[in-house]
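Single-letter residue listing:
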Amino acid sequence: MNKTRIRVLVGKPGLDGHDRGAKVIARALRDAGMEVIYSGLHQTPEQLVEAAIQEDVDLIGISVLSGAHMTIFPRIKVLLKEQNAEDILLMGGGTIPEEDIAELITNGHVEALFTPGATTTDIVSWIRDRVANNKVEVS
């Protein structure tokens, strides 16, 4: 089946109840023509991965403001691998220190992280480019 629209799951893991940024991103992605599933607040990594697989998304985008980013991103990557869903990309955003961003990306726990000040245009462009490069033609 050839999917024509990029499908994205936007989620808020953990106990952090601040979801304004996630909602802004969800709307920007929708306005850019993507199909967006918003998981809501207080999701576990397990719930996010299960929803991503059930919804057949291309990418999971999570917002982390709680400081738990060094645990959450690696956990989601492990769960995706365990479910043979490594083709689902993982990106995120939030208040994440630069040294943690470098470590998470270098170690393959996340493909991209966008911090406050990133434009929705840059995020949309990154998703389009990365999803297009991630798709493999199957004959």
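Keep in mind the model is a prediction, meaning the values are calculated, not measured.

(A) Molecular detail of helix 4 (residues 98-106). Taken together, the buried positions of helix 4 are Asp100, Ile101 and Leu104. An end-on view of helix 4 places all buried positions within 105° of arc, on one side of the element. Seen from the open side of helix 4, the exposed residues pointing more than 90 degrees away from its buried face are Glu98, Glu99 and Thr106. Each element contacted by the buried residues of helix 4 is listed here: helix 3 (69-82) and strand 5 (112-114). At the exit of helix 4 stands Gly108, carrying a positive phi of roughly 75°.

(B) Region of the structure containing the sheet that holds strand 3 (residues 59-64). One open sheet holds the five strands; their spatial order is 2-1-3-4-5, and the pairing between them is parallel. Each edge of the open sheet is held by one strand with a lone partner, namely strand 2 (35-38) and strand 5. When strand polarity is set aside, the average angle formed by the axes of neighbouring strands in this sheet is 20°. As defined by bridge partners, strand 4 (residues 89-94) adjoins strand 5 across three bridges and the pair is classed as parallel. Each bridged residue has a counterpart across the sheet, and for Gly92 the counterpart in strand 5 is Leu113. Against the sheet, helix 3 makes contact with strand 3, strand 4 and strand 5, and its axis sits at roughly 160° relative to strand 3, the strand it touches most.

(C) Quick look at the pattern of salt bridges. As enumerated under the stated definition, the model contains six salt bridges in all. A salt bridge links Lys77 to Glu111; its shortest N-O distance comes to 2.6 Å. One end of the pair, Lys77, is in helix 3; the other, Glu111, is in the loop between helix 4 and strand 5, and 34 residues separate them in sequence. Both residues of the pair, Lys77 and Glu111, count as buried.

What counts and what doesn't
- Residues numbered from 1 in each chain as written.
- Predicted model: local features only at pLDDT ≥ 70, side-chain atom pairs only at ≥ 80, totals over all residues.
- Heavy atoms only, no water.
- Buried < 20%, exposed > 50% of the residue type's maximum accessible area, 1.4 Å probe, protein only.
- Helix = DSSP H or I, 4+ residues; strand = E, 2+ residues; numbered from the N terminus.
- Arc of directions from axis to C-beta.
- Contact = heavy atoms within 4.5 Å.
- Pairing = 2+ DSSP bridges.
- Axes fitted to C-alpha atoms, helices over the stretch in contact; angles between N-to-C directions.
- Salt bridge = Lys/Arg side-chain N within 4 Å of Asp/Glu carboxyl O.

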